[in-house]
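# Coordinate analysis (summary)
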Amino acid sequence: MDRQPVLEGDRLLLRPLRPDDWSTLYAVASDPLIWEVHPQHDRWQEPVFRKFFDQALAGGGAVAVIDKSTQTIVGSSRWEGFDPAQGGSVEIGWTFLARSHWSGAYNPELKRLMLAHALRFVARVLFRVGENNGRSRRAMEKIGGRLTDESSMVETASGLVRHVVYEIDRESFARGPLSA
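Not measured: the values here are computed from a predicted model.

### Regarding the pattern of salt bridges
- Tallying each qualifying case throughout the model produces 14 salt bridges.
- Asp 54 is the salt-bridge partner of Arg 50, the closest N and O atoms lying 3.7 Å from each other. Here Asp 54 and Arg 50 lie together in helix α3 (residues 46-59), a separation of 4 residues that amounts to about one turn.
- The exposure class assigned to Asp 54 is partly exposed, which follows from its relative accessible area of 37%.
- Taken together, the salt bridges that share partners define one network made up of Arg 15, Arg 18, Asp 20 and Asp 21.

Here you go:
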């Protein structure tokens with residue numbers, strides 16, 4: 001699976017994250033309100049975000065999210081954990097968008113582009129969401145994510161946090177409701 005594609009929608013362009021994206025992406029990520037309900041609520045701090053950014057580059061699956069109308073970076077997302085077994089799966093996550101791009105059509109378009117690409121190679125896509133992150137859980141439900149029985153514990157700055165797992169497979173993606 002190519003985890004470094006260039007994907008284009010009506011509003012957004014996704015392209016591989018580059019080292020020179022640091023300052024522009026950190027300008028978006030430095031907003032504490034983006035992270036207030038996220039399990040990694042301190043990610044707005046420069047040293048914490050630097051580690052996140054460096055891991056994104058090293059992992060090879062991160063994309064910059066660009067608003068086509070302004071040609072500016074408004075967030076980022078990643079593909080991780082590609083597993084070809086049993087039809088294949090990959091995880092989409094580590095996603096954040098500038099608050100100016102919350103609600104409306106941006107997150108559904110971002111996920112639709114990433115899902116359409118991934119589901120060409122795998123049978124299902126997974127999303128790990130902090131159990132108490134209501135904002136992200138509602139966003140998952142809006143795009144058609146199905147809550148599974150899977151969960152995991154993740155070490156965060158404030159201790160262990162349970163993450164629940166949503167999935168979207170080829171059949172459910174083909175049915176919707178990812179609308180713009």
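So, next bit.
### Digging into unusual backbone geometry
- Located in the positive-phi region is Gln 86, a residue other than glycine, with phi close to 50°.
- Counting through the fold element by element, Gln 86 comes out in the loop between β4 (72-83) and β5 (89-97).
- A positive phi angle, close to 60°, is found at Trp 94, a residue other than glycine.
- When you line up the elements, Trp 94 lands in strand β5.

### Concerning the environment of Leu 57
- With respect to the secondary-structure elements, Leu 57 resides in helix α3.
- The class of Leu 57 is partly exposed, set by a relative accessible area of 27%.
- Separated by 63 residues in sequence, Leu 57 and Arg 120 place their C-alpha atoms 23 Å apart.
- Those residues in contact with Leu 57 that lie beyond four places of it in its chain are Leu 17, Arg 18 and Pro 19.

### Details of the packing of aromatic side chains
- In total, this model carries 10 aromatic pairs according to the counting rule given.
- On the numbers, 5.3 Å between centres and 70° between planes, the contact of Trp 22 with Phe 53 is edge-to-face. Remark: Phe 53 occurs in helix α3 and Trp 22 occurs in helix α1 (residues 22-29); sequence separation between them is 31 residues.
- Among the residues examined, Trp 22 registers a relative accessible area of 12% and is labelled buried.
- By relative accessible area, which is 1% here, Phe 53 ends up buried.
- The ring of Trp 22 has Arg 50 sitting right over it, with the charged end atom 3.7 Å from the ring centre.

### Concerning the packing of α1 against α3
- Two elements in contact, α1 and α3, have axes whose closest approach is 11 Å; the angle formed by their N-to-C orientations is 125°. Relative to α3, α1 is oriented oblique. At the point where α1 passes α3, the crossing takes the right-handed sense. Residues Trp 22, Leu 25, Tyr 26 and Ala 29 of α1 touch α3, and the partners they reach there are Glu 46, Phe 49, Arg 50 and Phe 53.
- Class assignment of the residues belonging to the contact of α1 with α3 gives a composition of 6 nonpolar, no polar and 2 charged.

Thresholds, definitions, all that
Residues numbered from 1 in each chain as written. Predicted model: local features only at pLDDT ≥ 70, side-chain atom pairs only at ≥ 80, totals over all residues. Heavy atoms only, no water. Salt bridge = Lys/Arg side-chain N within 4 Å of Asp/Glu carboxyl O. Helix = DSSP H or I, 4+ residues; strand = E, 2+ residues; numbered from the N terminus. Buried < 20%, exposed > 50% of the residue type's maximum accessible area, 1.4 Å probe, protein only. Contact = heavy atoms within 4.5 Å. Phe/Tyr/Trp six-rings, centres within 6.5 Å; stacked < 30°, edge-to-face > 60°. Lys NZ or Arg CZ within 6 Å of the ring centre and 35° of its normal. Axes fitted to C-alpha atoms, helices over the stretch in contact; angles between N-to-C directions. Parallel < 35°, antiparallel > 145°, perpendicular 65-115°, else oblique. Left-handed = near helix turned anticlockwise from the far one by under 90°. Nonpolar A, V, L, I, M, F, W, Y, C, P; charged D, E, K, R; others polar.

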